Structure formats: structure tokens, C-alpha cells
Amino acid sequence: MTIELNGRTVELSPGATVADAVIEAGADGDSRGVAVAVDGQVIRRVDWGKTKLRSDQSVEVVRAVQGG
Amino acid sequence: MPSKVDSEASAAERVDPGISRGDVDGFQLGGRIWGSRLIVGTGGFRSLEAMERALVASGAEIVTVALRRVDPLARGSALEVIDGLGLFALPNTAGCYTARDAVRTAQLAREAFETDWIKLEVIGDDRTLFPDAVELLDAAQQLIDEGFTVLPYTNDDPILARRLQDAGCAAVMPLGSPIGSGMGIRNPYNIQIIVESASVPVVLDAGIGTPSDAALAMELGCNGVLLSSSVARAKDPERMARAMRQAVEAGYAARRAGRIPRKLHAEGSTPDQGLPDLG
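Below: a short report on this structure. Because the structure is predicted, anything quoted here is derived from the model rather than measured. (Residues numbered from 1 in each chain as written. Chains lettered and ligands numbered in written order. Predicted model: local features only at pLDDT ≥ 70, side-chain atom pairs only at ≥ 80, totals over all residues. Heavy atoms only, no water.)

Some words on the overall build of chain B
A tally of regular secondary structure across chain B gives 11 helices and 10 strands. Relative to its length of 279 residues, chain B is compact, with a C-alpha radius of gyration of 21 Å against a globular reference of 19 Å. By its C-alpha atoms, chain B is 85 × 45 × 35 Å across when sized along the principal axes. Burial statistics for chain B: of 279 residues in total, 49% are counted as buried. Restricting the contact set of chain B to residue pairs at least 6 apart, pairs at least 24 apart contribute 64%. For chain B, the accessible area works out to roughly 14,100 Å², and carbon and sulfur atoms hold 50% of it. Each charge class in chain B was averaged separately, 28 positive and 37 negative side chains, and the resulting centres sit 3 Å apart. (Helix = DSSP H or I, 4+ residues; strand = E, 2+ residues; numbered from the N terminus. Rg over C-alpha atoms; globule rule 2.2 N^0.38 Å. Buried < 20%, exposed > 50% of the residue type's maximum accessible area, 1.4 Å probe, protein only. Contact = heavy atoms within 4.5 Å. Areas by Shrake-Rupley, 256 points an atom, 1.4 Å probe, with all protein chains shown as cover. Lys, Arg positive; Asp, Glu negative; His and termini not counted. Charge placed at Lys NZ, Arg CZ, Asp CG, Glu CD.)

Here it is as C-alpha cells:
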């Protein structure tokens with residue numbers, strides 16, 4: 001299954017969840033300051049493990065950085 | 001017999017309790033009372049260590065952070081430092097050009113930081129980084145409807161400030177001059193008009209270059225100052241952060257003290273009466 005993850009095309013196993021995408025993106029899913037949007041919709045942290053991804057979906061995994 | 005430190009503290013308290021305790025009335029923002037009227041941005045520091053030292057020196061309780069795509073190679077975490085210092089991380093929507101993007105970024109920030117506070121920035125172009133008034137007001141209205149505590153970075157436009165206030169923003173944060181320009185407060189008259197008409201806190205946001213700019217913002221009646229580059233990009237950020245803290249406190253104390261009016265001509269303070277005739 002191919003998805004767009006933070007602007008890169010990546011291959012995930014069929015049935016992969018948002019939690020898998022978070023790990024694939026290189027984020028520590030347990031730490032505060034990480035959030036995910038799938039096709040522009042924010043997925044709540046409690047739903048990461050049960051939200052399955054579909055092919056061609058666009059996933060953004062963001063985290064806190066320094067900013068003014 | 002009180003120690004020297006105690007007597008100094010009580011002397012400061014007599015002059016203005018705000019100086020020793022952060023505020024006499026309390027800086028009320030978003031339904032909470034804060035001890036410091038200085039909000040510091042965390043962007044632009046040369047290292048996380050430099051940021052940490054400057055944040056401590058600033059005395060700030062609220063610091064801004066941004067959201068960006070995860071960089072697996074990034075070392076260290078700004079949020080860990082902020083959490084470690086016990087500061088409140090205020091997420092921003094920096095880099096958003098439309099209401100839609102700003103609303104989505106705010107929603108992501110709510111999830112990431114477990115707060116419904118948002119420093120709302122909707123930028124009109126990348127050269128000036130001036131706010132896009134139309135998109136800003138639209139985003140503010142949407143976010144307020146969703147229950148956010150919205151702190152909008154806005155132009156120094158009293159009418160837009162009023163519209164943002166009427167929409168339900170928790171503060172208005174007019175710019176002094178363009179972000180990162182260090183040009184200070186280019187239109188103090190507009191800032192004064194915004195302050196006069198505001199029923200929510202006014203926080204001067206952007207353009208501060210040096211402590212006298214921050215002091216002026218407070219003397220004009222602003223309730224707080226938000227700054228970033230002037231500290232982060234100073235040669236010695238820690239020292240500059242301390243200077244900004246002192247400037248905000250001094251400007252606030254001066255505002256409360258009430259300055260003398262400006263006059264064209266001199267008015268001596270020494271009495272003329274009793275002047276000796278030295279023939």
C-alpha cells in the first residue's frame with residue numbers, strides 16, 4: 001500500500017494504521033507535541049492505533065519545533 | 001531585623017508590587033492570571049541551550065512554539081526544554097497563508113499540545129509577513145466557534161483590532177513593525193488608539209528590536225509584549241532576555257506611575273523665590 005507521508009511516497013503493509021505511519025515518519029509516538037492529519041483531518045491520538053490507512057491517502061505527521 | 005534581600009524586596013513592593021511579584025493586578029490573559037507580561041518566542045536561537053538560558057533570564061511564563069513535519073534527523077526537543085522549565089507552550093500558526101490552513105494547524109496544535117490556546121498568524125505575503133486581515137478574521141471566527149482561545153497577531157489597525165475583539169478573541173496582538181525587522185513601534189499612535197478602545201488585553205507582537213521598544217509598548221498601555229528575534233538573534237541572548245524583562249517591568253511601572261506631559265518650553269523644578277542677589 002502506497003501513501004504520501006510528509007510529502008514522500010512510502011510503502012506500508014496492507015492494514016497499516018496511523019500509528020504505523022507515525023513510526024515510519026520517525027516520530028516518537030509516545031511523546032507530547034506530535035500530531036497527525038490524514039487527508040487534512042486531524043486524527044486524535046487515542047484513535048491512531050485503530051485508524052487504518054488506505055492507499056493514496058496523504059498523511060502529515062508534525063511535531064513541536066522552535067517558533068516565534 | 002530583615003535581611004538586605006528582604007528589605008530590597010519590600011522596597012520594590014512599596015514602589016510597585018508588580019515589580020516584585022510580576023504584577024499587582026495580575027496579567028489576565030485567556031482567563032488565567034500570569035506573573036510575567038513578557039511572552040517569548042522560541043524561534044531563531046542558535047541552540048537549545050542558548051534558548052533555555054534566555055527563557056530563564058526572561059522570566060517569561062508563556063513561550064511560543066510552532067508545528068512542522070517530523071524531521072527524523074532532528075536532535076533534541078524544544079518542547080522537552082519548555083516542559084522541563086515548567087513554561088506554558090503557546091502554539092502558533094506561523095507559515096499559514098489562508099484561514100483554512102490556519103484552522104487546520106490550530107486543530108493539529110490542539111492535539112499535539114493538549115491546549116485550545118492558539119497564537120493565530122495568517123500571513124499575507126512572505127516579504128512583509130504582514131497579516132492578511134480578511135483571512136485572519138475568518139480564521140479567528142472559525143476557531144472561536146470551535147472553542148479555541150484565540151490570540152491573533154494583527155496589523156496595527158484599530159478597526160481590525162476591534163473586529164477581532166468583537167469576534168471573541170482573548171487578546172489582540174498588533175505588530176509594532178514587520179516580524180524580525182527590529183524596527184520598533186512605527187505607529188505608536190495607532191497602538192495607543194487600539195489600547196484605548198480594547199476591552200481585551202493588548203500584546204505588542206513583532207518588531208521589537210531593543211528594550212526601549214518593549215518599554216515604549218508598555219508605556220503606551222499595552223498589557224504585554226511578545227518578542228522573539230530581538231532576544232534569539234542578539235549577540236548574547238541571555239543578557240538581552242534579562243534586559244527585555246527589566247524593560248517590560250519598567251515600562252509597566254512607568255505607565256502606572258503616570259508620566260509628565262510633554263511641553264514645548266522649559267519648566268524649572270527649582271523655585272525662583274529666594275534667589276540671592278549676587279549684585
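Brief notes about helix H3 (residues 48-58) of chain B
When H3(B) is considered as a whole, its buried residues turn out to be Leu48(B), Ala50(B), Met51(B), Ala54(B), Leu55(B), Ala57(B) and Ser58(B). Against strand S5 (58-66) of chain A together with strand S3 (38-41), strand S4 (62-69), helix H4 (78-84), helix H10 (229-232) and helix H11 (237-257) of chain B lie the buried residues of H3(B). Positive phi appears at Gly59(B), one or two residues downstream of H3(B), with a value of about 70 degrees.

Some words on the packing of helix H6 (residues 133-145) of chain B against helix H7 (residues 158-167) of chain B
All names here are of chain B. Two elements in contact, H6 and H7, have axes separated by 9 Å at closest approach and are oriented at 15 degrees. Taken as axis vectors, H6 and H7 run roughly parallel relative to one another. The two elements H6 and H7 cross, and the hand of that crossing is right-handed. Side by side, H6 and H7 meet where Ala133, Leu136, Leu137, Ala140, Gln141 and Ile144 of the first sit next to Leu160, Arg163, Leu164 and Ala167 of the second. When grouped by side-chain class, the residues that make up the contact of H6 with H7 number eight nonpolar, one polar and one charged. (Axes fitted to C-alpha atoms, helices over the stretch in contact; angles between N-to-C directions. Parallel < 35°, antiparallel > 145°, perpendicular 65-115°, else oblique. Left-handed = near helix turned anticlockwise from the far one by under 90°. Nonpolar A, V, L, I, M, F, W, Y, C, P; charged D, E, K, R; others polar.)

Focus on the pattern of salt bridges
All names here are of chain B. This structure, assessed with the given rule, holds 13 salt bridges over all chains. Between Arg53 and Glu238 there is a salt bridge, with the nearest N and O atoms lying 3.7 Å from each other. Placement of the pair is Arg53 in helix H3 and Glu238 in helix H11, with a sequence separation of 185 residues. Within this structure, Arg53, Glu238 and Arg242 form a network of salt bridges that share partners. (Salt bridge = Lys/Arg side-chain N within 4 Å of Asp/Glu carboxyl O.)

Describing the sheet that holds strand S7 (residues 149-154) of chain B
Residues and elements named next belong to chain B. Taking strand neighbours across the sheet as the criterion, the three strands line up as S6-S7-S8 in an open arrangement whose pairing is parallel. The open sheet is flanked by strand S6 (117-120) and strand S8 (173-174), the only strands paired with a single partner. With four bridges connecting them, S6 and S7 associate as parallel partners. Bridge pairing in S7 links Lys119 to Leu151. (Pairing = 2+ DSSP bridges.)

Examining the nonpolar core
By size, the foremost hydrophobic cluster in this structure holds 70 residues, and its most contacted members are Leu120(B), Val150(B) and Val225(B). Filtering out sequence-adjacent residues up to four positions away, Leu120(B) remains in contact with Thr93(B), Ala102(B), Leu136(B), Ala139(B), Ala140(B), Leu143(B), Val150(B), Leu151(B), Pro152(B) and Tyr153(B). Among the nonpolar cores identified, the runner-up in size contains 20 residues, and Leu12(A), Ala25(A), Val34(A) and Val36(A) belong to it. (Core = buried A, V, L, I, M, F, W, Y, C linked by side-chain atoms within 4.5 Å.)

What to know about the interface of chain B and chain A
Facing 31 residues of chain B, the contacting portion of chain A comprises 26 residues. Of the roughly 2,400 Å² buried where chain B meets chain A, counting both sides, 53% is carbon and sulfur surface. Across the salt bridge formed by Glu111(B) and Arg44(A), the nearest N and O atoms sit 3.8 Å from each other. Of all the secondary structure elements, the ones that give two or more residues to the side of chain B that touches chain A are H3, S4, H4 and helix H5 (99-113) of chain B. With five bridges joining them, S5(A) and S4(B) adopt antiparallel strand pairing. Its bridge partner lying in S4(B), Arg63(A) is registered against Arg68(B). (Buried area = accessible area lost by both parts, 1.4 Å probe.)

Concerning the packing of H7(B) against helix H8 (residues 188-197) of chain B
All names here are of chain B. In contact at an axis separation of 9 Å, H7 and H8 are set at 30 degrees when each is read in the N-to-C sense. One element, H7, and the other, H8, form an angle in the roughly parallel class. Crossing hand, H7 versus H8: right-handed. Residues Pro158, Ala161 and Gln165 of H7 form the contact with H8, whose own contacting residues are Asn190, Ile193, Ile194 and Ser197. In the contact of H7 with H8, the residues fall into four nonpolar, three polar and no charged.

Distances and angles like these do not, on their own, reveal function.
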